[in-house]
Amino acid sequence: MAAQLAEQFETTTRTGMSEIAQTDPGSQDSSRYRSFAALMQDLMATSQPADTLANPQLAQAWADAIFTYWQFGIDQGKIDAGKPFYVVDLAPDQGQLAWLLLGALRAKLASRQLEWPVCLLACCASEHAADALLKHPYLADHVERGWLDAVLFEGDKADADLHGYASSSLHLQRQGINLLRTDNPLVILGLGYFQSLPSELLAANYGKLLQGSVAQLQQGDAPSMIELNYRWLPAETKMAPAKLLGCVSDYYLAHFPNAAFSLPVIAAELLQRLQHMATGRYLLLAADPGVCDEQAIRLGALAPPAQWDRENARNNTRPAVNFHALGLMQHQAGAWVWQHQIDDGGIVLHAAWRDDQGELSEDCFDCITAQLDRAHPSQSAAMRELIAASNVDGATPLAAASLLVLLRQSQHDPVLLKLALFNLLRQPPVLSDCARREWHKALTHTWSNFMPLQQSDGFYYDIALFAMQTGYWGLAQDCLHQGLGWYGDDAHELYLLAWCEAATGASASALTRLERALTLAPDHAPARELHTQLTEKMSRWQNLAWYQPHLATDAELCIEPLGQEHAASLLYPYRDEQIGIMTRLPALRSVEEAQAWITEEAQDAGRRSYAVMHACWGLIGVVSSHCAHEAGYFYFWIGSDFQQRGFGQRAAKLLFTQLTASGVSSVYTSVYKENLHSQYLMKKLGLVRMEIKTLPPDDAQYFYYLGGELDEKRVLADFLGLCEAIECPIQIDDGFSRERGKLVN
């Protein structure tokens with residue numbers, strides 16, 4: 001591409017020079033030509049939005065670099081920790097970088113117990129944009145704490161050379177002040193910004209400085225395609241480069257025999273005004289598609305485009321930012337400049353440190369640039385492109401394990417996960433227990449990095465679907481709640497949210513959402529089917545004398561009658577074979593086996609089995625009692641993924657509450673003697689151990705009692721009577737009389 005552009009410029013320049021030398025610049029033909037900067041402003045609606053370049057890895061690296069810069073300044077007495085630390089974000093877009101960066105800075109300062117007065121100034125193009133940014137719910141806390149304010153440029157609006165981009169002051173919307181000078185150095189952020197600024201088109205032509213202008217020629221066979229025709233005239237002596245970038249043009253004249261180049265005059269003027277505001281002290285961090293290598297310019301990397309497609313912007317190569325020129329200009333003013341570009345035509349990562357009032361530190365600058373280089377924007381772009389390429393029809397999808405590695409490497413970039421979900425949803429992976437846990441962690445981190453924008457990209461919907469696939473019901477609900485709250489009601493999303501709620505024990509809420517969904521879309525078949533199922537289930541529950549819904553909830557935990565609807569979700573928490581062994585329950589290896597077992601349990605009128613439902617994880621276990629008269633024998637189990645969290649104890653207490661409400665006054669259970677954890681839990685629940693000797697196979701267990709009766713003989717008689725009534729008789733050792741049975745604390 002560089003060679004083609006160089007060839008195009010060489011041809012245009014050589015033929016154009018011959019024609020221009022013989023043409024009167026004031027001729028009628030000259031009226032077709034315009035300033036290159038003005039034309040590019042018309043053709044390019046915007047540059048690449050900063051929000052597409054912002055990502056968690058970059059934000060963390062930039063936060064680290066900024067902190068290093070500030071800490072050095074404080075240590076050297078160059079920064080007053082009691083005065084504002086201003087960060088000027090030149091391209092805040094919808095606030096993605098500001099949100100990620102401020103979050104990273106706040107976490108870093110909090111970890112060191114520092115309370116520096118940081119304030120990020122988001123430079124907005126209009127009051128409407130500023131108002132929208134400051135009112136974004138995700139940014140509200142930063143705004144309230146004074147960490148974020150919006151800025152409108154104030155100054156000489158009539159200055160045609162500045163096109164309204166630069167100003168002599170910054171007007172802070174929330175604080176209501178015009179910032180003319182800063183006590184501390186500025187940090188200036190230009191992520192995806194400089195490419196949006198117009199640049200002058202010039203050329204070095206064998207010792208002469210030429211200025212390019214351009215005319216549009218419509219292509220007859222392709223109405224949307226514009227051919228761009230250039231002409232080159234001697235550069236005006238009063239043009240902007242003579243003031244700020246004269247050193248750059250002189251350098252290019254001395255080093256380039258024949259090469260086109262752009263001069264970022266507006267960017268240079270803006271930096272000039274900002275450094276004046278900070279009395280010559282700033283740290284600039286910027287990234288844009290550009291050129292930072294002199295050899296690349298010689299080979300035509302900054303040659304202007306030959307055509308422009310009005311309808312398909314992807315066909316166009318936007319003019320690259322001449323970071324080489326910006327670097328020369330700042331270096332000439334005494335700044336230290338570091339730039340890194342991974343590939344020709346790619347993004348240039350640019351850092352410049354200027355301090356007109358003191359010496360710079362090589363060690364500090366090396367530390368800053370090393371922190372920046374670890375999160376070069378091209379790295380995240382390459383990872384995104386790798387996944388996008390695997391999504392193309394016919395391509396081999398990346399394995400879930402590979403996608404997880406990339407996601408972790410990106411520090412959980414939502415854009416990267418959005419791309420990964422394309423295939424993860426089409427071909428759901430089979431995850432091991434370890435992989436499932438790691439994916440849940442990754443989804444949590446990535447969702448915490450996501451900031452909703454004005455136009456939905458569907459990310460919240462996709463991540464909700466994948467969370468549902470992996471049993472992460474709580475996250476799926478969070479995502480759907482946010483989408484519905486942010487973008488308005490949608491029948492299908494209401495149905496999905498109702499599905500999640502039904503899967504986590506919130507059937508009443510699910511029914512309400514389904515009614516809303518069916519109001520919006522009466523023909524939504526899945527919503528209609530789920531509504532019917534929930535209505536029938538809740539009607540069935542109403543006929544159960546032993547279930548009181550208002551007594552079945554403890555914060556995020558609840559219990560509900562076990563039914564066929566739980567069969568599929570029962571298998572995962574029950575997969576640990578030790579659960580069946582310790583509870584004397586059958587092995588359940590398929591949905592059909594689970595359904596058969598649930599049916600068998602329900603056929604016994606004395607059985608009262610409940611699914612233990614968690615608001616985030618859905619079914620995590622079972623509590624059950626087998627009752628006769630006013631006594632009940634209970635058991636419970638909690639899946640191994642959810643043990644040691646107190647869920648078993650809380651679920652058992654909910655069961656006891658249900659039993660008491662239905663007239664059961666005495667509760668019994670048994671625990672294997674080697675099951676020390678359950679023995680401890682029985683004590684926590686208030687059960688006392690009965691000292692009795694039983695024959696095999698019951699001799700391997702301890703038996704426990706909970707109730708108001710303290711007479712040991714009556715308790716034992718009641719217990720043995722219960723066992724007979726529920727057809728689970730206990731055989732007492734012949735050498736141990738019933739009269740000797742007693743309770744042991």
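Residues numbered from 1 in each chain as written. Predicted model: local features only at pLDDT ≥ 70, side-chain atom pairs only at ≥ 80, totals over all residues. Heavy atoms only, no water.

(A) Representation of the packing of aromatic side chains in the model. The full count for this structure, using the stated rule, is 34 aromatic pairs. Here the aromatic rings of Trp541 and Tyr547 are separated by 5.5 Å at their centres, their planes lie at 70°, and the arrangement is edge-to-face. For the pair formed by Trp541 and Tyr547, the shared burial category is buried. Ring pairs connect the aromatic residues Tyr69, Phe72, Trp336, Trp353 and Phe365, which therefore count as one cluster. (Phe/Tyr/Trp six-rings, centres within 6.5 Å; stacked < 30°, edge-to-face > 60°. Buried < 20%, exposed > 50% of the residue type's maximum accessible area, 1.4 Å probe, protein only.)

(B) Spatial organisation of the state of the cysteines. Enumeration over the complete set of coordinates arrives at 0 disulfides. Cys123 forms no disulfide, and the closest cysteine sulfur to it belongs to Cys124, at a distance of 7.5 Å. (Disulfide = S-S within 2.5 Å.)

(C) View of the environment of Trp439. Locating Trp439 in the fold gives a position in helix H16 (residues 433-448). Note on Trp439: relative accessible area 1%, which makes it buried. Considered as a pair, Trp439 and Ala400 are 39 residues apart in the sequence and their alpha carbons are 9.2 Å apart. Leaving out residues up to four positions away in the same chain, Trp439 has contacts with Ala400, Leu403, Leu404, Leu407, Leu417, Leu424, Leu431 and Phe466. (Helix = DSSP H or I, 4+ residues; strand = E, 2+ residues; numbered from the N terminus. Contact = heavy atoms within 4.5 Å.)

(D) Up close: the side chain of Asp355. You can see Asp355 is positioned in strand S16 (residues 347-355). Here Gln357 takes part through its backbone nitrogen, which lies 2.9 Å from a polar atom of the side chain of Asp355. At a separation of 3.2 Å, a polar atom in the side chain of Asp355 contacts the main-chain amide nitrogen of Gly358. (Polar contact = N/O pair within 3.5 Å; in protein donor to acceptor, adjacent residues only side chain to side chain.)

(E) Structural context of the pairing of strand S3 (residues 118-124). Among the 7 residues of S3, 7 are classified as buried, and the element is accordingly described as predominantly covered. Burial along S3 is two-sided: Val118, Leu120, Ala122 and Cys124 facing one way and Cys119, Leu121 and Cys123 facing the other are all buried. In the sheet, strand S2 (residues 85-89) pairs with S3 via 5 bridges, with the strands oriented parallel. In the strand pairing of S3, Tyr86 is matched with Cys119. For the crossover that starts at S2, traverses helix H5 (residues 96-111) and ends in the parallel S3, the hand is right-handed. (Pairing = 2+ DSSP bridges. Right-handed = clockwise from strand over helix to strand, strands pointing away.)

(F) Spotlight on the nonpolar core. Counting 57 residues, the largest nonpolar core has Trp62, Trp70, Leu97, Leu101, Leu189 and Leu372 as its most contacted members. Take this core: its biggest share by element is 11 residues, from helix H4 (residues 56-75). With residues up to four places along the chain from it excluded, the contact list for Leu101 reads Ala59, Trp62, Ala63, Ile66, Leu120 and Leu189. Core analysis: the second largest hydrophobic core is formed by 50 residues, Phe256, Ala268, Ala286 and Cys292 among them. (Core = buried A, V, L, I, M, F, W, Y, C linked by side-chain atoms within 4.5 Å.)

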